[in-house]
Amino acid sequence: MISQNLSAIFYLISGILFILALRGLSSPDTSRQGNYFGIAGMIIAVIVTFLSIGNFSNTFIYVLLLLLFGGTIGAFIAFRIPMTAMPELVAGFHSLVGLAAVFVAIAAFLNPEVFNLGFSGNIKLASLIEMSIGAAVGAITFSGSIIAFLKLRGIMSGAPITFFGQHYLNLFLGVGIFILIFYLCKTQSEDIFWTVIIISFLIGVLLIIPIGGADMPVVISMLNSYSGWAAAGIGFTLENTALIITGALVGSSGAILSYIMCRAMNRSFFSVILGGFGADNSQSDSKDKKDQKPVKSGNAEDAAFLMKNASSVIIVPGYGMAVAQAQHALREMVDKLKKNDIKVTYAIHPVAGRMPGHMNVLLAEANVPYDEVFELEDINNDFANSDVAFVIGANDVTNPIAKTDPKSPIFGMPVLDVEKCKSVLFVKRSLSPGYAGIDNELFYRDNTLMLFADAKKMTEDIVKNLD
Amino acid sequence: MEIDPFIFRLSIFILSIFVGYYVVWSVTPSLHTPLMSVTNAISSVIIVGAIIAALASTSENGFNSSSIFGFLAIVLAAVNIFGGFLVTQRMLQMYKKKKGKK
């Protein structure tokens, strides 16, 4: 058994290693090293916990076996998961952190003696507040992440679910939680503790169901943030520095990502949370217009011809590429183009895909070197000097209407200036509007050639035609 | 009057939020997905609480409800720790520079 002071120092060290783990991600070169720091921090925290309890009875063996059991499942998932499924994996993992926080809070509530928090029925006030906040945030993270997971997985429709009085209900339940925690502190009643947890589960569900598919990058970042705050709440209860530091890091990381995602959509955090974006947009309007305007459509041969005669091509990937799993075919196409001395770069909008950095991971999986992949602000000026923009699976993030029509729901959103290219190739299955429910003006431009097909199939056909 | 230890923990918490703020802004946008998976992995350090619940509560008279919740939380957190770090590693292995350059 090691002293409390010594273990506190070790927990601090593991907290610092976690900071270094995040720091490593500032560049791909240092990122792998950063991940090792994170692993080291985790190993230190776990070993120190074992040593400070000093209970190496049979139970210790059970704990090790459970660790291995969970670890095996985790490792199995990590190796088997396809990169396109990364958003739902992350959502699923968040739900586990949330539930673990709830369980630890329950354990602490039922048996406060072992955590030095007082006695059952007479828990220290501060600890009681901390653990109920930890449990409530954990429960919201859990059920919210489950809904996000189901939506991303396609088990549940990605369409926003709204009903009358939804926001008032949420508000009512949110206020209710605080009142219940107040009474919990006064009465130490077990029933109230359970009620707080159940209501929190309910809030998690209600919070995520009105949010639609393309707002998922914000939701995932937000749940990421919540899982951090839940951990921090538990950290205060257990008086554990490693947990407090980690909770704060994760909490602020998720919050920053949510902010970046909201900014990239030019929407306030609250309008995303309140949900229902594009759900009741006058769809009929856009359909009427569609019939009147001429659209140029082409086939793989035309596209191959255009690109072969270009000197620079910019690829704009979006969620459709992930759905069609077209990243490998795309890479093949780019290889052929490069052989013909055509300069090819990739332009990525921050909210392309279903989570922050989603497109970057898919391109990395297809062996695209990361120094050919550029963010919106770094490449947007290059469109004017390029010959072809190849838009594959993206839609709203290229819509020029965001710059011109103040009435449009996406007005003010930063978009990729693809229309400035000499010609635009737009791979899409149909003319249907994107997530925002608005027509993309780009389809009807003179320099746009629509390629109606599945992204993967079209790309493969283009590859054949490039020979 | 002595300072309540809670204040010290609060100080650590708030300073860590600031550290997190600056560190995360320096993360390159192309690594935002690995950032999420690694933050997910490190937040599973909550396993510390699960281990205490499981080990410390079972010392005298066998299992009780508190240790059962501890055991459950250990499994959940372990899935996350191994899954989170390994999937991050797998992703980071894929980020490569252009061949022949440097």
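Residues numbered from 1 in each chain as written. Chains lettered and ligands numbered in written order. Predicted model: local features only at pLDDT ≥ 70, side-chain atom pairs only at ≥ 80, totals over all residues. Heavy atoms only, no water.

S.K.: Help me get a handle on the side chain of Ser43 of chain B, residues and values and all.
M.R.: Within the element layout of this structure, Ser43 of chain B appears in helix H2 (residues 32-43). For Ser43 of chain B, a relative accessible area of 0% corresponds to the buried category. Ser43 of chain B has contacts with Val97, Ser227, Ala231, Thr246 and Val250 of chain A, leaving out every residue within four places of it along the chain. (Helix = DSSP H or I, 4+ residues; strand = E, 2+ residues; numbered from the N terminus. Buried < 20%, exposed > 50% of the residue type's maximum accessible area, 1.4 Å probe, protein only. Contact = heavy atoms within 4.5 Å.)

S.K.: How would you sum up the nonpolar core? Please name residues and give values.
M.R.: Residue and element names in this part refer to chain A. Within the largest apolar cluster, 192 residues are counted, with the highest numbers of intra-cluster contacts made by Ile315, Met333, Phe383, Phe390 and Ile462. Here the element with the most residues in this core is helix H4 (residues 86-110); it accounts for 17 residues. Beyond its immediate chain neighbours, meaning those up to four positions away, Phe390 contacts Met307, Val313, Ile314, Ile315, Val316, Leu330, Met333, Leu425, Val427, Leu451 and Ile462. Ala232, Phe236, Ile244 and Ala248 belong to the second-largest nonpolar core, a separate cluster that totals five residues. (Core = buried A, V, L, I, M, F, W, Y, C linked by side-chain atoms within 4.5 Å.)

S.K.: Requested: an account of the packing of helix H9 (residues 241-265) of chain A against H2 of chain B, with residues and values cited.
M.R.: Describing two packed helices takes the angle between their axes plus the distance from one axis to the other. One can describe the packing of H9 of chain A onto H2 of chain B by two numbers: an axis separation of 9 Å at closest approach and a directional angle of 155°. One way to sum up the angle between H9 of chain A and H2 of chain B is to call them roughly antiparallel. As for the relative orientation of H9 of chain A and H2 of chain B, their crossing is left-handed in sense. Within the contact between the two elements, H9 of chain A uses Thr246, Val250, Ser253, Leu257 and Ile260 of chain A and H2 of chain B uses His32, Leu35, Met36, Thr39, Ile42 and Ser43 of chain B. Residue composition of the contact of H9 of chain A with H2 of chain B, grouped by class: six nonpolar, five polar and no charged. (Axes fitted to C-alpha atoms, helices over the stretch in contact; angles between N-to-C directions. Parallel < 35°, antiparallel > 145°, perpendicular 65-115°, else oblique. Left-handed = near helix turned anticlockwise from the far one by under 90°. Nonpolar A, V, L, I, M, F, W, Y, C, P; charged D, E, K, R; others polar.)

S.K.: Could you give an account of the packing of aromatic side chains, with specific residues and numbers?
M.R.: If you walk through the whole model with that rule in mind, you get 15 aromatic pairs over all chains. An angle of 90° between the planes, with centres 5.1 Å apart, marks the rings of Tyr21 of chain B and Tyr22 of chain B as edge-to-face. The class for Tyr21 of chain B is partly exposed, based on a relative accessible area of 39%. Accessibility expressed as a relative area gives 56% for Tyr22 of chain B, which makes it exposed. By the ring-pair criterion, three or more aromatic residues cluster together here, those being Phe103, Phe109, Phe193 and Trp194 of chain A together with Phe69 of chain B. (Phe/Tyr/Trp six-rings, centres within 6.5 Å; stacked < 30°, edge-to-face > 60°.)

S.K.: Let's hear about the pattern of salt bridges: which residues, and what values?
M.R.: Residue and element names in this part refer to chain A. Inspection of every chain in the model, using the stated rule, returns 11 salt bridges over all chains. Its salt-bridge partner being Asp417, residue Lys403 comes within 2.6 Å of it at the nearest N-O pair. Pair noted here: Lys403 is in helix H17 (residues 401-404) and Asp417 is in the loop between H17 and strand S7 (423-428), with a separation of 14 residues, a long-range link. For Lys403, a relative accessible area of 38% corresponds to the partly exposed category. A salt bridge links Asp461 to Lys457, with the shortest nitrogen-to-oxygen separation between them at 3.3 Å. Of the two residues, Asp461 and Lys457 are both situated in helix H18 (residues 455-465); the distance of four residues between them amounts to about one turn of the helix. (Salt bridge = Lys/Arg side-chain N within 4 Å of Asp/Glu carboxyl O.)

S.K.: Give me helix H3 (residues 58-80) of chain A: which residues, what numbers.
M.R.: The end-to-end C-alpha distance of H3 of chain A, which contains 23 residues, comes to 33 Å, matching closely the 33 Å that a straight helix rising 1.5 Å per residue would cover. For H3 of chain A, the full list of buried residues reads Thr59, Phe60, Val63, Leu67, Gly70, Gly71, Gly74, Ala75 and Ala78 of chain A. (Expected span 1.5 Å × (residues − 1).)

S.K.: Tell me what's going on with the packing of helix H1 (residues 4-24) of chain A against helix H1 (residues 5-25) of chain B, and back it up with residues and numbers.
M.R.: In the contact formed by H1 of chain A and H1 of chain B, the axes pass within 8 Å of each other and the chain directions differ by 25°. For the element pair H1 of chain A / H1 of chain B, the angle class is roughly parallel. In terms of crossing hand, the pair formed by H1 of chain A and H1 of chain B is right-handed. Here Ile19, Leu22 and Arg23 of chain A of H1 of chain A come into contact with H1 of chain B, specifically with Val19, Val23 and Val24 of chain B. Class assignment for the residues of the contact of H1 of chain A with H1 of chain B results in five nonpolar, no polar and one charged.

S.K.: How would you sum up the confidence of the model for chain A? Please name residues and give values.
M.R.: Of the residues in chain A, 95% have a pLDDT of 70 or more, and the chain-wide mean is 85. Segment residues 278-290 of chain A is flagged for pLDDT under 50; beyond a separation of four residues in sequence, or across chains, it makes 13 contacts in the model. (pLDDT = per-residue confidence, 0-100.)

S.K.: A description of the interface of chain A and chain B should follow, citing residues and the corresponding values.
M.R.: Taken together, the contact between chain A and chain B spans 104 residues of the former and 79 residues of the latter. Around 8300 Å² of area is buried between chain A and chain B when both sides are counted, 78% of it from carbon and sulfur atoms. Ranking the residues of chain A by area buried against chain B places Leu25, Arg32 and Met42 of chain A at the top, with a combined share of 8%. Run the count over chain A and chain B and you get one salt bridge. Notably, a salt bridge pairs Arg9 of chain B with Glu239 of chain A, separated by 3.5 Å at the nearest N-O pair. (Buried area = accessible area lost by both parts, 1.4 Å probe.)

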